[in-house]
Amino acid sequence: MRDNQNRIRAELQEAGLERDSFEILAHVDKVRSGMFNIETTLTGYNKRILTSDEKKLMDEFMAQRLDYGRNGVVPILDLLQAEKFEQAQKLSKDIIVPGYAKASLAIDALIQLQINGAKTEYERVDWDSNDELCDVGRTFNQMASEFSTLICQ
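Everything numeric here is computed off the predicted structure, so don't read it as measured data.

A.B. asks: Can you tell me about the nonpolar core, naming the residues and giving the values?
C.D. replies: With 26 residues, the main nonpolar core has Leu-12, Phe-61, Val-73, Ile-76 and Leu-80 as its most contacted residues. Where this core is concerned, the elements lending two or more residues are helix H1 (2–17), helix H2 (21–46), helix H3 (52–81) and helix H4 (85–124). Here this core gets 9 residues from one element, more than from any other, and that element is H4. Every residue in contact with Leu-12, bar those within four places of it in the chain, is listed here: Val-31, Val-73, Ile-76, Leu-77, Leu-80 and Ile-96.

A.B. asks: Can you break down the side chain of Ser-104 residue by residue, with the values?
C.D. replies: Along the chain, the position of Ser-104 falls in helix H4. For Ser-104, the side chain forms a polar contact with the side chain of Arg-2, separated by 3.2 Å.

A.B. asks: Help me get a handle on the pattern of salt bridges, residues and values and all.
C.D. replies: Opposite charge on two side chains allows them to pair when their charged atoms are near. With the rule as written, the count across this model stands at 6 salt bridges. Put simply, Arg-7 and Asp-3 hold a salt bridge, and the shortest N to O gap is 2.9 Å. Of this pair, Arg-7 and Asp-3 both sit in helix H1, 4 residues apart, which is roughly one turn of the helix. Residue class for Arg-7 comes out exposed when judged on its relative accessible area of 53%. Under the relative-accessibility criterion, Asp-3 is labelled partly exposed at 42%.

A.B. asks: Break down the packing of H2 against H3 for me, citing the residues and quoting the values.
C.D. replies: When two helices pack together, you describe them by how their axes are tilted relative to each other and by the distance separating the axes. One can describe the packing of H2 onto H3 by two numbers: an axis separation of 12 Å at closest approach and a directional angle of 165 degrees. Taken together, the axes of H2 and H3 lie roughly antiparallel to each other. For H2 against H3, the interelement crossing comes out left-handed. Residues Ile-24, Leu-25, Val-28, Val-31, Arg-32, Met-35, Ile-38, Glu-39, Leu-42, Tyr-45 and Asn-46 of H2 pack against Glu-54, Met-58, Phe-61, Met-62, Arg-65, Val-73, Val-74, Leu-77, Leu-80 and Gln-81 of H3. The class makeup of the residues in the contact of H2 with H3 is 15 nonpolar, 2 polar and 4 charged.

A.B. asks: Can you tell me about the packing of H1 against H2, naming the residues and giving the values?
C.D. replies: Running from N to C, H1 and H2 point in directions that differ by 165 degrees, and their axes come no closer than 9 Å. By the angle class used here, H1 and H2 are roughly antiparallel. For the element pair H1 and H2, the recorded crossing hand is left-handed. Counting all contacts with H1, which are made through Asn-4, Gln-5, Ile-8, Glu-11, Leu-12, Glu-14 and Ala-15, the residues of H2 involved are Ile-24, His-27, Lys-30, Val-31, Gly-34, Met-35, Asn-37 and Ile-38. The residue makeup of the contact of H1 with H2, split by class, is 7 nonpolar, 5 polar and 3 charged.

A.B. asks: A description of H2 should follow, citing residues and the corresponding values.
C.D. replies: With 26 residues, H2 extends 37 Å between its outermost C-alpha atoms, agreeing within 8% with the 38 Å of an ideal straight helix rising 1.5 Å per residue. At the N-terminal end of H2, a side-chain oxygen is found 2.9 Å from the backbone nitrogen of Phe-22, two or three residues along, and the residue is Asp-20.

A.B. asks: Now, about the packing of aromatic side chains: what can you tell me, with residues and values included?
C.D. replies: Considering all chains together, one arrives at 1 aromatic pair under this definition. The ring of Tyr-100 carries Arg-9 above its face, with NZ or CZ at 4.1 Å from the centroid. The ring of Phe-85 has Arg-19 lying over it, and the distance from NZ or CZ to the ring centre is 3.7 Å.

Parameters at a glance
- Residues numbered from 1 in each chain as written.
- Predicted model: local features only at pLDDT ≥ 70, side-chain atom pairs only at ≥ 80, totals over all residues.
- Heavy atoms only, no water.
- Core = buried A, V, L, I, M, F, W, Y, C linked by side-chain atoms within 4.5 Å.
- Buried < 20%, exposed > 50% of the residue type's maximum accessible area, 1.4 Å probe, protein only.
- Helix = DSSP H or I, 4+ residues; strand = E, 2+ residues; numbered from the N terminus.
- Contact = heavy atoms within 4.5 Å.
- Polar contact = N/O pair within 3.5 Å; in protein donor to acceptor, adjacent residues only side chain to side chain.
- Salt bridge = Lys/Arg side-chain N within 4 Å of Asp/Glu carboxyl O.
- Axes fitted to C-alpha atoms, helices over the stretch in contact; angles between N-to-C directions.
- Parallel < 35°, antiparallel > 145°, perpendicular 65-115°, else oblique.
- Left-handed = near helix turned anticlockwise from the far one by under 90°.
- Nonpolar A, V, L, I, M, F, W, Y, C, P; charged D, E, K, R; others polar.
- Expected span 1.5 Å × (residues − 1).
- Phe/Tyr/Trp six-rings, centres within 6.5 Å; stacked < 30°, edge-to-face > 60°.
- Lys NZ or Arg CZ within 6 Å of the ring centre and 35° of its normal.

This is the structure we're talking about:
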């Protein structure tokens, strides 16, 4: 998600520096590809059963993303293709920069919620189990510790 967001921003900036219409179109295509990748990721994520907190944060991110796209990315693409570079730069400064920050805060909050949930689940696991997998894990940890001691000598 974050990778595609950053690529879209970079492609918009690079497109604004171009003056060759074919090069601009190449950047526009990359932006649209990034938008498609984000949409595909979000569609897959939203198929999961979301907790109420996840849903709330996802709704916030989707609202910020929609605003960012409708009022920033898409109009800038149109301006760049029409070779209205000064207007595209102004829109980038006025809409893209603050819009990206808002969308980033929203997705960061969702990511942090997921990290916290994973940490909680990890802490709940009974690591003192007596099954075969835990035996292998304990043996591996012991070998690693002994090997580390041997190397340090």
